[in-house]
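What the coordinates show
If you want the building blocks of each chain, they are given just below.
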Amino acid sequence: VKRLIFLVVLSLAWLVTARLQAKSPSITLEQDAGGALLRVDGKPFMIKGVVWGYGPIGTNYSYSLWKQPRALILRVLDQQMPLLKAGGFNAIRVFDMPPPEWIQYIYEKYGIFTTVNDMLGRYGMTMNGVWIAHTDYADPEQRRFLLGEFEKMVLRYRSTPGVLMWLLGNENNYGLSWTGAGAENFPGEKDPERAAHLYSLMSEAAQLVKRHDRTRPVALVNGDLNYLDVIAKHKTGLDIFGTNQYRGRSVGAMYRDVKQKVGIPVLFTEFGADCFNNRTGKEDSLNQARFLHAQWREIYEESHGKGGAGTALGGFVFEWTDTWWKVGLSYGLSDHDTLGTWSHPPYYDYEDPSENNMQEEWWGITALTPSDSSGFYKPEPRTAFYMLRDIFGIDPYAQGTTVAGIRRAFAAIRPDEYQGAYLGSEAAQRPALRVSNLLLKLEMTASRGTNSTARGGDLRLDHTEAALVDFTLEPSSKLHARLSLSFVGNVAQNRLDPIFYENPTTYEGSVLGDARRTRHVPADIYQAEVKAQHRWFNLHGFYRVGHEGWDYEGDLFHLYPQAFYQEAVDIYRAPAPFGAVVSGRRAFEGFKLALGPQLYWGANPAVIGKYSRKLGPVTITAIHQEDLAEASSSALGSSAVTPEPVSRKSMLGVSAALGEAQLDVGGLFAAPQRVGDEYTRTEPSSGAGYGGSGYDVFREKVQWQDTLGAKVKLLVPTGRAAFYVQSAFKGLVADAGPDTSSTITGWSLKESGRGNQVNGLAGVAIGLGDLQIAPNVLYQRPLVGPNPRIDGVYDPVTQTYLTPVRARTTYSGVTPHEPFAVLDNRETAAGELLVTYDPTPATQFYQWDRFNREDAPFAANVDFVYRHQPTSRDSEVGVLDNGQRFAFGAAPPAHDTWDVTLNVAAAAFAPVRLFGSVFAGQNQALGDDPRLVTRYGGSLRIGVYDFLLATRLHLNDWGPYDYFRDYNLTYPLQWYGDASWGFLPALVGTSQTRFGVRGQYRRLDRYSDGWANKLMPGRSGSEFEITTYLHAAL
Amino acid sequence: MSHSRMFRHLLLVAAASLTACGSRDREPVQAIDLNAVAFHVFSPDLGVHPSTSVLRDPNNPFTNVPIDELNNGTPEAPGDKWQIDLAAPAPAAFYAWATALTGAPGGENQYYTATKLQKIYTDGLVTTDELESVRELAIAAFSAQLVHFPQDYNRDAQGNPQWDYATGSLKAIRELGGVAPAGWVLVVDADGQERAVNF
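The sections below set out a description of the structure shown in this document.

Procedures and definitions
- Residues numbered from 1 in each chain as written.
- Chains lettered and ligands numbered in written order.
- Predicted model: local features only at pLDDT ≥ 70, side-chain atom pairs only at ≥ 80, totals over all residues.
- Heavy atoms only, no water.
- Helix = DSSP H or I, 4+ residues; strand = E, 2+ residues; numbered from the N terminus.
- Expected span 1.5 Å × (residues − 1).
- Buried < 20%, exposed > 50% of the residue type's maximum accessible area, 1.4 Å probe, protein only.
- Pairing = 2+ DSSP bridges.
- Contact = heavy atoms within 4.5 Å.
- Buried area = accessible area lost by both parts, 1.4 Å probe.
- Salt bridge = Lys/Arg side-chain N within 4 Å of Asp/Glu carboxyl O.
- Patch = residues over 30% accessible without salt bridge, like charges linked within 9 Å, V, L, I, M, F, W, Y side chains within 5 Å.
- Areas by Shrake-Rupley, 256 points an atom, 1.4 Å probe, with all protein chains shown as cover.
- Axes fitted to C-alpha atoms, helices over the stretch in contact; angles between N-to-C directions.
- Parallel < 35°, antiparallel > 145°, perpendicular 65-115°, else oblique.
- Left-handed = near helix turned anticlockwise from the far one by under 90°.
- Nonpolar A, V, L, I, M, F, W, Y, C, P; charged D, E, K, R; others polar.
- Core = buried A, V, L, I, M, F, W, Y, C linked by side-chain atoms within 4.5 Å.
- Phe/Tyr/Trp six-rings, centres within 6.5 Å; stacked < 30°, edge-to-face > 60°.
- Lys NZ or Arg CZ within 6 Å of the ring centre and 35° of its normal.

Some words on helix 4 (residues 140-157) of chain A
Over its 18 residues, helix 4 of chain A extends 26 Å from the first C-alpha to the last, a length consistent with the 26 Å expected when each residue adds 1.5 Å. Among all positions of helix 4 of chain A, only Glu 141, Gln 142, Arg 143, Phe 145, Leu 146, Leu 147, Phe 150, Met 153, Val 154 and Tyr 157 of chain A are buried.

Listed below in structure tokens is the structure:
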């Protein structure tokens, strides 16, 4: 029987192999005196290609067609590939690589080839569990890793019929200079030494292909002609010089230069033009067609046997459809932005050459159209598509074809004659001011408690109606403004969690002792944003819209931190962040100015200026911050942010590249306004001490040296053991900003921004295959410790009064307040162990939208943090029901705390996507309650096609708002569940149409908010809520 | 630069930084001698809500005392202001009440602040030059009680209303020869008691 099975398997394998081999066409590349010629099954083959992709409006880079239901994939391919075929296209280049079965399907059914493309570290990589943002091609270990991953790809695809050729990278030479993943101005040849390492790796990759597949050519994907001399030295194995070409109508002497220096044929792996006219501020599909007309004519003229270079093999037009997500990446996905993002004079649709005249969202030769409920849409061909259909009808290799003949044929194809075929996309016909997004929220809520709760045992029904409407103004490509208005009808007053955007707290007319009151705001500004470009500067204005900080631009003390917290500011309806940033251009390059009432949540109204200048390997950054007033406490909303005293801060930082390492050194000068201010200091007494308290109590004054701070940080971000070490000293009042940056990996243990401390941190991330083990340690100590509580004593006999001592607060709304305090800068010796298993390098496990993006079959991390806190701290600020703030008079006693979190992401069983977490921890309240809380819980989020199930269970944990931890209010059990269905797969952080039901249940005891059985403290209560909802996004 | 050498440099920077917080002038906090507390008219609205000028008054010994210590308490351990009110000299008691008033505005704190000003005036605890100013301050303080906290009552330890501050304030204004805010008059109720009413 075993022999029979073996023979059957062998026969099947032979049949399959034979079938594949029979279907794989012969692809050869020939060079002769006439130039170079690609042949498929012996026939000359010009590559008439397009960079193809699929993504419905409202999705972004995280959307993958290949993870959708098979029926949708078939529907898309059977609609789009015939269109491509009818347009004369014979090859596609795809960034979201199709699985082999779909490449074969596209080829066998429609005769269209696909290129297989490995980015080879262009956008960073995770090697041995360590994320490396910028690949170091000189590092032997990284080279081995990249080649190993590439070899897996070659082995996976080499037997797939329909694979045209192998592509190496994607303009990786630009990656040597660019800092982000998006398009920037072209950098030129700035670093020939690093380029040599890059191109030698490309050559090794090409030779690797030859070992496994001698049937297909290998092409480099270079950015323009940069480093041609270096490439010439490392061309072994390369068959084709692929280049992403954006030189406008003509590439000039490019073919001649490549032929002379490298001697291999040329393929445009990207080229084309955007179809948005920066000068007129309108869609211009005719202009796009004119560029493509000229570009293809040149390709034809430079093809084999025409008397020129003869080395043009064809090209891939960039791109098939528009991509509406490219500006904003995660925001404005349903809006077709017209703001220019980079400048490129060869396209000359500008009034000034420095203008950002390139519109990244407008490169399609077809326009996007709205999709149906399954995510299916039909792209609308633009003028260029119809024109190319006729151009591709010209056979460049027909007998007797000459340059003159090509010119005549192209002259007969007039782009303007195809304009009528394109009726114009919906986007093209839109006015300068338009409604760009509409979200309707209709919810019905039922809730009830038991008799031991303040809610009571009666079932309460209520409903909420709300809407968000986005208006977009784009009078020109230099100005983009968006105003998002919220409209609220009835608001349910029976929700278990009563604080949410539509139900804000009012502080007007409140007096001490008032219960929380809500106000009905029928219409309000939800968000607003302005982006404008000027010859000398770019402007970004924002109101409740998140923004990046300057953490990675030399801001060593985090004076302008990043500000992304939409969910939190929505809950408390906080008007933050609010301000504007002006970034200098041309002569003012390096200058930035931020100003506004609340640049980040909790910030005082301020102006912050920055200047950075690079001098060789050293970058010098100077920042000055000037607070204009103290933030109004009612503008902050939550106790998590407290108004800080008005101050003035200046920093000077130097960042130096030391080979693979980066060294940052900086100095801080902050809050000179506090010099001379008095503060209370307590020290353990050798005797009875002050009032018999055991402490001696002193009054001291802030001195000028208390305004100074210094910091040094050494970072080695790459390698098997990436590490950092840093230390800082910050004088009593030398407060810096909150650290929102990420160092190496997803550590949660970070330096406190507060002054009055000396600290040191060090961490190392060790890669062991797909596993990363990352220990991290912190030690910090306040220069002046916290104050204990010492009650005042009045002696009527002697008529003396011993002034009481309290935990300090800096909040000016409290008397007395002091110039500094010990809070998150309390004495701490902490250790963290972060272990991550993530086998997919391209998607970082620690990104906020990992549910959308993580594509690993299974990825997980566990993070354990232990904090040894030998002393207590000063006073936190709390918020009363009526919004008034106060300082707790004391703090919980010194106690160690710990937290452990396990996160799991799984995409192994497509189309099921799963993200879950489990946590446990022992922590203290933020107020003065000494009860230590040991809490547990977990969450699970499962997406299956368009269905989403999300649930959370918390045991003995604080409630959902900040005040729960302030007052140490816990629930024995809290459960949340949400099941919904939408037209598209659920995406975190976007507006989508979804129908669903969500439920909430919690048990209450004497520590819970809303528990009302003081006569029977041992008795618990419970509450539940069920809400059905329809969120309709249009 | 080797990593170990770099680390040594980091430690040196930290150590050098620590020296910056060395010895400094300090003053031990001593018990306040309430007999030595003198009253002066620091500002024309001293102790009159919503003014907080008393917190800047150099004569005020309570500027560093937490308001809750002065103001809050329990029936068993009332706030310090009550103990001070009972036995301390009027100037010290004034500063205790006036300080509490800034952080906890209310009829109780305003009324007792005013009564201490009245006592300073009637007992002549200031120089002759300042006496008239103190009288005006006392009138202003009682008037502030009527204007800002007209509905407030004196309460017992259980929180039950005992008597209204408005009547006391209005009577005091008359005793001091002042003019009450518009609309306030004394009427006799059904029990034959005088009561302040605002028309």
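Digging into the pairing of strand 38 (residues 859-868) of chain A
Residue and element names in this part refer to chain A. Bridge count for strand 37 (residues 828-837) against strand 38 is nine bridges, and the pairing is antiparallel. Opposite Ala 829, over in strand 38, you have His 868 as the bridge partner. Bridge count between strand 38 and strand 41 (residues 897-906): nine bridges; the pairing is antiparallel. In the sheet register, Tyr 866 faces strand 41, and the bridge partner there is Trp 898.

A look at the interface of chain B and chain A
Taken residue by residue, the interface counts 36 residues in chain B and 41 residues in chain A. Of the roughly 3400 Å² buried between chain B and chain A, counting both surfaces, carbon and sulfur atoms make up 63%. At the junction of chain B with chain A, the criterion picks out four salt bridges. Here Glu 700 of chain A ties to Arg 26 of chain B by a salt bridge, and the two come within 2.9 Å at their closest N and O atoms.

Describing a nonpolar patch on the surface
All names here are of chain A. There is a patch of nonpolar side chains on the surface, built from Phe 947, Leu 949, Trp 981, Phe 983 and Phe 995 and spanning about 430 Å² of accessible area. Here Phe 947 lies in strand 44 (residues 947-958). Taking the relative accessible area as the measure of exposure, Phe 947 reaches 38% and is therefore partly exposed.

What about the packing of helix 2 (residues 70-86) of chain A against helix 3 (residues 100-110) of chain A?
Residues and elements named next belong to chain A. Running from amino to carboxyl end, helix 2 crosses helix 3 at an angle of 40°, the nearest separation of the two axes being 11 Å. When the axes of helix 2 and helix 3 are compared, the pair comes out oblique. Regarding helix 2 and helix 3, the two cross each other, and that crossing is right-handed. In this structure, helix 2 uses Arg 70, Ile 73, Leu 74, Leu 77, Asp 78, Met 81, Pro 82 and Lys 85 to contact helix 3, whose residues at the interface are Glu 101, Trp 102, Tyr 105, Ile 106, Lys 109 and Tyr 110. For the contact of helix 2 with helix 3, the residue count by class is nine nonpolar, no polar and five charged.

A closer look at the environment of Gly 308 of chain A
Residue and element names in this part refer to chain A. Looking at the element boundaries, Gly 308 is found in the loop between helix 9 (285-301) and strand 15 (312-317). On the basis of relative accessible area, Gly 308 is assigned to the partly exposed category, the value being 40%. A C-alpha to C-alpha distance of 8.8 Å links Gly 308 and Val 403, two positions 95 residues apart in sequence. The contacts of Gly 308, once residues within four sequence positions are left out, are Lys 259 and Glu 302.

As for the nonpolar core
Counting 97 residues, the largest nonpolar core has Trp 52, Trp 296 and Leu 388 of chain A as its most contacted members. With nine residues, the single largest contributor to this core is helix 6 (residues 192-212) of chain A. Among all residues touching Leu 388 of chain A, those that are not within four sequence positions of it are Gly 87, Phe 89, Leu 292, Trp 296, Val 317 and Ile 365 of chain A. Formed by 46 residues, the second largest nonpolar core is a distinct cluster that contains Ile 32, Leu 70, Val 134 and Ala 138 of chain B.

A few points about helix 6 of chain A
All names here are of chain A. In a regular helix each residue adds 1.5 Å, so 21 residues correspond to 30 Å; helix 6 covers 31 Å between its end C-alpha atoms and thus fits that length. By the burial criterion, the buried members of helix 6 are Ala 195, Leu 198, Tyr 199, Ser 200, Leu 201, Met 202, Ser 203, Ala 205, Ala 206, Leu 208, Val 209 and Lys 210. Residues of helix 6 that are buried in the fold lie against helix 4, strand 9 (163-168), helix 5 (172-175), strand 10 (218-223) and helix 7 (228-233).

Some remarks on the environment of Ala 190 of chain B
Within the secondary structure, Ala 190 of chain B is located in the loop between strand 5 (184-188) and strand 6 (194-198). Expressed as a C-alpha distance, the spacing of Ala 190 of chain B and Arg 135 of chain B, which sit 55 residues apart in the sequence, is 33 Å.

Observations regarding the sheet that holds strand 1 (residues 26-28) of chain B
In a beta sheet, neighbouring strands are held together by backbone hydrogen bonds and run either parallel or antiparallel to one another. The antiparallel open sheet is built from three strands, whose spatial order is 29(A)-30(A)-1(B). Every interior strand has two partners, whereas the edge strands, strand 29 (678-684) of chain A together with strand 1 of chain B, have only one. Recorded for the sheet is a direction-independent mean angle of 35° between the axes of neighbouring strands. Examined bridge by bridge, strand 30 (residues 695-701) of chain A and strand 1 of chain B share three bridges and lie antiparallel to one another. Across the sheet, residue Phe 698 of chain A finds its bridge partner in strand 1 of chain B, namely Pro 28 of chain B.

Concerning the sheet that holds strand 15 of chain A
All names here are of chain A. With parallel pairing, the eight strands of this closed barrel are ordered in space as 4-5-6-9-10-11-12-15. Across this sheet, the average inter-strand angle for adjacent strands is 25°, counted without regard to direction. Pairing analysis gives five bridges linking strand 10 to strand 11 (residues 240-245), with the strands arranged parallel. Pairing of Asn 222 across the sheet is with Thr 243, part of strand 11. The strands touched by helix 4 are strand 6 (113-118) and strand 9; relative to strand 6, the strand with the most contacts, the crossing angle is about 160°. On the sheet, helix 9 packs against strand 4 (47-52), strand 12 (266-271) and strand 15 and is oriented at approximately 155° with respect to strand 15.

A few points about the packing of aromatic side chains
The relation between two aromatic rings is expressed through the spacing of the ring centres and the mutual angle of the planes. Residues and elements named next belong to chain A. In the structure shown here, the tally under the stated rule is 56 aromatic pairs over all chains. Ring plane angle 45° and centroid distance 6.3 Å describe the contact between Trp 52 and Trp 66, whose orientation is recorded as tilted. Taken together, the residues Trp 52 in strand 4 and Trp 66 in the loop between strand 4 and helix 2 connect sequence positions 14 residues apart. Take Trp 52 and Trp 66: they sit in the same class, and that class is buried. Seen from their ring centres, Tyr 837 and Phe 858 are 6.1 Å apart, and the 35° between their planes marks the pair as tilted. Of this pair, Tyr 837 sits in strand 37 while Phe 858 sits in the loop between helix 13 (850-853) and strand 38, and the two are 21 residues apart along the sequence. Taken together, the ring pairs in this structure connect Phe 89, Tyr 255, Phe 268, Phe 271, Trp 296, Tyr 300, Trp 320, Phe 385, Tyr 386, Phe 392 and Phe 410 into an aromatic cluster. Cation over ring: Arg 952 sits above Tyr 976, and NZ or CZ is 4.0 Å from the ring centre.

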